[in-house]
Amino acid sequence: MNWSIRNKLILIGFLSAIALTGLQGISLYVNKQVNTSVGASDLTNNKLALVESMKRANLELILAAMDSIIDKDEGQIQPERKAVIAESLKALRENGRALADLEDDDAARKSLADIMAKIDPLAQGIQVDLSRLIEANAPVAEFAKIDDVIDTYGESMSEALAKYGERLKVEFDQSIAH
């Protein structure tokens, strides 16, 4: 078969156009994959930030409660501590709701609901019961009951948030691996 230079150039141009179209298709596919991965990583990173904020608020709440128990002879919870307690509870609730809005996995939502269920008993124990005991100058045995409430709900919340955060870290690692 005798090809003229013109026909050869047309064939080369046609094959070049097909190759460039293929490269463009690959580029679009890779770009879509990268954008999907970045979006998933960003979402997971936002969830992790909320969990870390909740862990910090929980620790500040427990610390303020324990400090109040130590200083129970003052007859009241110090205003600064009341503010820390209120802010910590507010942060726990708000960040928990924000996290629930971002979560799309049913198992994670259930885990988060279990965490959120600990907030109200902890708030009751610290804001109401502990305050009442301090103001009433209650005996030490009564404070042991409040300490048990704080241990039960506060420490278990810390553990649950740590597990939740670990799951999110694994999710984050998987999102950047793809």
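For the rest of this paragraph, the subject is the environment of Thr-36. When you line up the elements, Thr-36 lands in helix H1 (residues 5-70). Take Thr-36: its relative accessible area is 48%, and that puts it in the partly exposed class. Each C-alpha atom, one on Thr-36 and one on Ile-176, is 9.9 Å from the other, the two residues being 140 residues apart in sequence.

Turning our attention to the environment of Ser-88. Locating Ser-88 in the fold gives a position in helix H2 (residues 79-102). What makes Ser-88 buried here is its relative accessible area of 2%. Residues Ser-88 and Ala-64 lie 24 residues apart in sequence; the distance between their C-alpha atoms is 9.6 Å. Each residue touching Ser-88, except ones within four places of it in the same chain, is listed here: Ala-57, Glu-60 and Leu-61.

Here we take up the side chain of Asn-58. Mapped onto the elements, Asn-58 comes out in helix H1. Residue classification places Asn-58 among the buried positions, given a relative accessible area of 0%. Beyond its immediate stretch of four places on either side in the chain, Asn-58 contacts Leu-92, Leu-122, Gly-154, Met-157 and Ser-158.

Below, the discussion takes up H2. If you check H2, its first and last C-alpha atoms are 34 Å apart, about what 24 residues at 1.5 Å a residue would give, namely 34 Å. Inspection of H2 places Arg-81, Ile-85, Ser-88, Leu-89, Leu-92, Asn-95, Gly-96 and Leu-99 among the buried residues, and these make up the whole buried set. Among the structural elements, H1, helix H3 (106-116), helix H4 (119-135) and helix H5 (140-177) are those in contact with the buried residues of H2.

Glancing now at the packing of H2 against H3. H3 packs onto H2 with a crossing angle of 170° between their chain directions and a minimal axis gap of 10 Å. Our classification of the angle between H2 and H3 gives roughly antiparallel. On H3, the residues touching Leu-92, Arg-93, Gly-96, Arg-97, Leu-99 and Ala-100 of H2 are Arg-109, Leu-112 and Met-116. Partitioning the contact of H2 with H3 into residue classes produces 5 nonpolar, 1 polar and 3 charged.

We now examine the packing of aromatic side chains. Counted by the stated rule, this structure contains 0 aromatic pairs. Sitting over the ring of Phe-143, Lys-72 keeps its end group 5.6 Å from the ring centre. Between Arg-167 and the ring centre of Tyr-164, over which it is positioned, the NZ or CZ distance is 4.9 Å.

The next subject is the nonpolar core. Ranked by size, the top nonpolar core spans 33 residues in total, and within it Leu-92, Ile-126, Leu-130 and Tyr-164 carry the most contacts. Elements supplying a minimum of two residues to this core: H1, H2, H3, H4 and H5. In contact with Ile-126, other than residues within four places in its own chain, are Leu-61, Ala-65, Ile-77, Ile-85, Ser-131 and Ile-150.

As a packed pair, H2 and H4 sit with axes 10 Å apart at the nearest point and diverge in direction by 170°. Viewed along their axes, H2 and H4 adopt a mutual orientation that is roughly antiparallel. Here Lys-82, Ile-85, Ala-86, Leu-89, Leu-92 and Arg-93 of H2 lie close against H4, whose contacting residues are Ile-119, Asp-120, Ala-123, Ile-126, Gln-127 and Glu-135.

Before going further, it helps to examine the confidence of the model for the chain. When the pLDDT values of the chain are averaged, the result is 91; 99% of them are 70 or greater. At the level of individual helices and strands, the chain shows its lowest average pLDDT in H5, which scores 89, and its highest in H2, which scores 95.

The rules behind each value
- Residues numbered from 1 in each chain as written.
- Predicted model: local features only at pLDDT ≥ 70, side-chain atom pairs only at ≥ 80, totals over all residues.
- Heavy atoms only, no water.
- Helix = DSSP H or I, 4+ residues; strand = E, 2+ residues; numbered from the N terminus.
- Buried < 20%, exposed > 50% of the residue type's maximum accessible area, 1.4 Å probe, protein only.
- Contact = heavy atoms within 4.5 Å.
- Expected span 1.5 Å × (residues − 1).
- Axes fitted to C-alpha atoms, helices over the stretch in contact; angles between N-to-C directions.
- Parallel < 35°, antiparallel > 145°, perpendicular 65-115°, else oblique.
- Nonpolar A, V, L, I, M, F, W, Y, C, P; charged D, E, K, R; others polar.
- Phe/Tyr/Trp six-rings, centres within 6.5 Å; stacked < 30°, edge-to-face > 60°.
- Lys NZ or Arg CZ within 6 Å of the ring centre and 35° of its normal.
- Core = buried A, V, L, I, M, F, W, Y, C linked by side-chain atoms within 4.5 Å.
- pLDDT = per-residue confidence, 0-100.

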